[in-house]
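Understanding the architecture of this molecule
Residues per chain are reported as follows:
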Amino acid sequence: MSTSAPPKSGTGVSAAWLALLLFVPCFLLAFLVGEGLISLLGYDVGGSVVPPFWAGALATVPALVVFAVPLWPTWHFGRKARGRGARGAMIPFWIAAALVAVFTIQNTVPLGQ
């Protein structure tokens, strides 16, 4: 008869899934950072004048970093739960990574203008 209990994995998995909710405020904050920085540099957001590359990069990179913040807690809690034996504990991290990749592509790859 075995007295070992099954691994406790619920806490880390739940926290990893809940960390995905951080994308809501991070998206809003990333928008404010990006648009705010480009405005501080003296360019109208959505105006007819396209800002130079350096200004766009200076505004876009911090916005991308802000949006990517949920990657850390999803990875941290997912790894913790996986270490406790939870299968699929890293799924929230891979969803977060996909969201960050799509957001990065949408904000850096120019569309036909």
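The structure we're discussing is the one just above.
The present account deals with the structure reproduced in this document.

Our focus in this paragraph is helix 4 (residues 71-83). Because each turn of an α-helix spans 3.6 residues, side chains separated by three or four positions in sequence point in the same direction. The end-to-end C-alpha distance of helix 4 is 18 Å, a good match for the 18 Å that 13 residues give at a rise of 1.5 Å each. Those residues of helix 4 lying buried are Pro73, Thr74, Gly78 and Ala81. Buried residues in helix 4, looked at end-on, bunch into an arc of 120°, giving them a common side. Facing away from the buried side of helix 4, by more than 90 degrees, are the exposed residues Trp72 and Gly83. Within two residues after helix 4, glycine 85 carries a phi angle of roughly 100°, on the positive side.

Time to look at the environment of tryptophan 75. Structurally, tryptophan 75 is set in helix 4. Its relative accessible area of 38% is what places tryptophan 75 among the partly exposed residues. With 18 residues separating them along the chain, tryptophan 75 and phenylalanine 93 place their C-alpha atoms 5.3 Å apart. Excluding its chain neighbours within four sequence positions, the residues that come into contact with tryptophan 75 are Met90 and Phe93.

Rules and cut-offs
- Residues numbered from 1 in each chain as written.
- Predicted model: local features only at pLDDT ≥ 70, side-chain atom pairs only at ≥ 80, totals over all residues.
- Heavy atoms only, no water.
- Helix = DSSP H or I, 4+ residues; strand = E, 2+ residues; numbered from the N terminus.
- Expected span 1.5 Å × (residues − 1).
- Buried < 20%, exposed > 50% of the residue type's maximum accessible area, 1.4 Å probe, protein only.
- Arc of directions from axis to C-beta.
- Contact = heavy atoms within 4.5 Å.

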